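# Structure at a glance
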Amino acid sequence: MRDEVDELIEAWARERSDLDLAPVAVFSRISRLARHLDLARREAFTAADVESWEFDVLAALRRAGAPYELSPGRLLRETLVTSGTMTNRVDRLAARGFVERSPDPDDRRGVIVRLTPQGKTAVDEAFGALIAAEHALLVDLPVREREQLARLLRTLLVPFS
């Protein structure tokens, strides 16, 4: 079985035979898969009427468990965005009725961001659609190979954690 990356590698090997192209075989495929995953995510989230950035914030709150609340600082760490970006996102999510702010009982100057029932429904619907889309992307890969791939990708990601 061949794919477009095989052709790309052959072309580079012809032009730059002095280079070890092994990384291209891995990362060009990861890059192409990432594009397909991004498209699948967008479709899944569109069906649930949620933007990708909204899902990121709502999912962080949902994963926190009941009562589905986090400090803005914790949301920053969970979503890897700046403070100004997070403030804007929380404002927009609150306007949609997906989150609400309340005073932080442990810090008089702080607030807590809490998922509303409407936000919980939205993130659950979006996550269900995402999981279905991701299953579709993996359909041709046997379970054992999926598990092996997950282990290999973990090995690549750990140094960045």
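Definitions and limits used
Residues numbered from 1 in each chain as written. Predicted model: local features only at pLDDT ≥ 70, side-chain atom pairs only at ≥ 80, totals over all residues. Heavy atoms only, no water. Helix = DSSP H or I, 4+ residues; strand = E, 2+ residues; numbered from the N terminus. Pairing = 2+ DSSP bridges. Phe/Tyr/Trp six-rings, centres within 6.5 Å; stacked < 30°, edge-to-face > 60°. Buried < 20%, exposed > 50% of the residue type's maximum accessible area, 1.4 Å probe, protein only. Core = buried A, V, L, I, M, F, W, Y, C linked by side-chain atoms within 4.5 Å. Contact = heavy atoms within 4.5 Å.

### Let's talk about unusual backbone geometry
Residue Pro-67 is bonded to the preceding Ala-66 through a cis peptide linkage, with omega at 10°. Counting through the fold element by element, Pro-67 comes out in the loop between helix 3 (52-63) and strand 1 (69-70). Its identity as a non-glycine residue notwithstanding, Asp-49 has a phi of 60°, on the positive side. Its location among the elements puts Asp-49 in the loop between helix 2 (22-47) and helix 3. Phi at Leu-80 is positive, roughly 60°, even though this residue is not glycine. Positionally, Leu-80 belongs in the loop between helix 4 (72-79) and helix 5 (83-95).

### Comments concerning the pairing of strand 2 (residues 99-104)
Examined bridge by bridge, strand 2 and strand 3 (residues 107-115) share six bridges and lie antiparallel to one another. Within the sheet, the bridge partner assigned to Ser-102 lies in strand 3 and is Ile-112. As consecutive antiparallel partners, strand 2 and strand 3 are separated by two residues.

### Some remarks on the packing of aromatic side chains
In the structure shown here, the tally under the stated rule is two aromatic pairs. An angle of 25° between the planes, with centres 4.5 Å apart, marks the rings of Phe-45 and Phe-55 as stacked. Of the two residues, Phe-45 sits in helix 2 while Phe-55 sits in helix 3, which places them 10 residues apart along the sequence. Each member of the pair Phe-45 and Phe-55 is classed as buried.

### A word on the environment of Ile-131
On the secondary structure map, Ile-131 appears in helix 6 (residues 117-138). A relative accessible area of 29% places Ile-131 in the partly exposed class. In the structure, Ile-131 is positioned 19 residues away from Ile-112 in sequence and 29 Å away in space, judged by C-alpha atoms.

### Looking at the nonpolar core
Counting residues in hydrophobic clusters, the biggest one holds 26 residues, and the most contacted among them are Phe-55, Leu-58, Leu-61, Leu-75, Leu-93 and Val-99. Mapped onto this core, the elements with two or more residues apiece are helix 2, helix 3, helix 5, strand 3 and helix 6. It is helix 3 that provides the largest number of residues to this core, a total of seven residues. When sequence neighbours within four positions are dropped, the list of residues in contact with Leu-61 reads Tyr-68, Glu-69, Leu-70, Leu-75, Val-99, Val-113 and Leu-115.

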